[in-house]
Amino acid sequence: MSTPDRVAWLQNPATKCSPVHSHNGTPWRVVLLGAPGVGKGTQAELLHQRLGACHLSTGDVFRAAATRKDCVPSPAMAAALQYMRRGELVPDSTVWEMVRERAGCLRCGGGFLLDGFPRTLSQAQSLNDFLQQENLALNAVIDYELPIPEIVSRLSGRRTCSKCKAVFHVANQPPEHDGICDHCGSALIQREDDRPESIKVRLAAYEQSTAPLIAFYRNLGLLLSIPATGSPEQICARSLVALNLQAEFPPCP
Ligand code: AP5
């Protein structure tokens, strides 16, 4: 399945994206939870290939805004970027404002894979209220679990393409040529918030603000907890089993 351009999510909510095809005509609406670096973005890409739903990451929206030279960010977006540089959570009202501007992506007939949103109880409540008003329902909330030392190693070795945003790891998923993206040939960079001092702040913020979402979604009967150890394909196969899709997507031999 081709990668959608996600222009409405990443750049301009008024722009039309290239068409997205849902799995068997059924839109999948899934939230991915888990600590920074657990592999949510990696899984979102693999699940997108199976389910068709777009990978919608709020972190990607903030980073896209930070690197765009052709427009001045709104005051809220500018403030959000400052928080992000320090590895802190952006205030809920700012985040919800930004997601609401992109409500078309939540209504999209192709479904969605939300990554990095919601991140607090207040954000989860805003999303719930919105989906209820729109008569839309989440299929599941997947919580990826991984021990802290492995999380730190995944984050400190991550390298991201400066252009197409593809994700690599210096040891686990190295590019073919050192420092160069396999897909578009651009330079790979280390994210500012993947430096050791930011990683600590991000993990603490996760424990405080995001971990309570697990109980919230468990109470709604939506939570699926998945161990995030092993290869990305193994974790994706576990996710598909949890979603009851193993018959349609048997693991590769
Ligand atoms: P965001 O971009 O959402 O960052 P995050 O949640 O911290 O998650 P990451 O993108 O760091 O990790 P990931 O779980 O996607 O892991 P990945 O697949 O890349 O947010 C960044 C910042 O934006 C936040 O800190 C905050 O300031 C702000 N923000 C965003 N949303 C917000 C919100 N809603 N409210 C407030 N603030 C918000 O994998 C990591 C590495 O591991 C990669 O190198 C990968 O190759 C490797 N890897 C992946 N899977 C495996 C595997 N199975 N085995 C070995 N290596 C693997």
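An account of the accompanying structure is given in this report.

1. A short note on the packing of aromatic side chains
Right, on to step 1. One pass over the full model with this rule turns up three aromatic pairs.
Right, on to step 2. With a centroid separation of 6.1 Å and 70 degrees between ring planes, the pair formed by tryptophan 96 and phenylalanine 130 is classed as edge-to-face. Of the two residues, tryptophan 96 sits in helix 5 (residues 92-101) while phenylalanine 130 sits in helix 7 (residues 121-133), which places them 34 residues apart along the sequence. Of the two residues, tryptophan 96 and phenylalanine 130, neither departs from the other in class, the shared state being buried.
Right, on to step 3. For the ring pair phenylalanine 216 and tyrosine 217, a centre distance of 5.0 Å and an interplane angle of 85 degrees mean the geometry is edge-to-face. Residues phenylalanine 216 and tyrosine 217 agree in their burial class; the two are buried.
Right, on to step 4. An aromatic cluster of three or more residues is present, and its members are Trp96, Phe117 and Phe130.

2. What to know about the site of the ligand
Right, on to step 1. If you check the shell around the ligand, you find 36 residues, and the closest are Thr42, Glu88, Arg119, Arg158 and Arg202.
Right, on to step 2. One of the backbone N or O atoms of glycine 41 is found 2.8 Å from an oxygen atom in the ligand.
Right, on to step 3. At 3.4 Å, a backbone N or O of proline 232 approaches a nitrogen atom of the ligand.
Right, on to step 4. Here the ligand has 1000 Å² of accessible area as a free molecule, and 96% of this is covered by the chains.
Right, on to step 5. The set of elements that each furnish at least two residues to the shell around the ligand consists of helix 2 (40-51), helix 3 (58-67), helix 8 (148-156), strand 6 (167-169) and helix 11 (232-242).
Right, on to step 6. Top contributing element to the shell around the ligand by residue count: helix 3, with four residues.
Right, on to step 7. Across the shell around the ligand, the residue classes break down as 14 nonpolar, 13 polar and nine charged.

About the thresholds
- Residues numbered from 1 in each chain as written.
- Predicted model: local features only at pLDDT ≥ 70, side-chain atom pairs only at ≥ 80, totals over all residues.
- Heavy atoms only, no water.
- Phe/Tyr/Trp six-rings, centres within 6.5 Å; stacked < 30°, edge-to-face > 60°.
- Helix = DSSP H or I, 4+ residues; strand = E, 2+ residues; numbered from the N terminus.
- Buried < 20%, exposed > 50% of the residue type's maximum accessible area, 1.4 Å probe, protein only.
- Near = heavy atom within 4 Å.
- Polar contact = N/O pair within 3.5 Å; in protein donor to acceptor, adjacent residues only side chain to side chain.
- Areas by Shrake-Rupley, 256 points an atom, 1.4 Å probe, with all protein chains shown as cover.
- Nonpolar A, V, L, I, M, F, W, Y, C, P; charged D, E, K, R; others polar.

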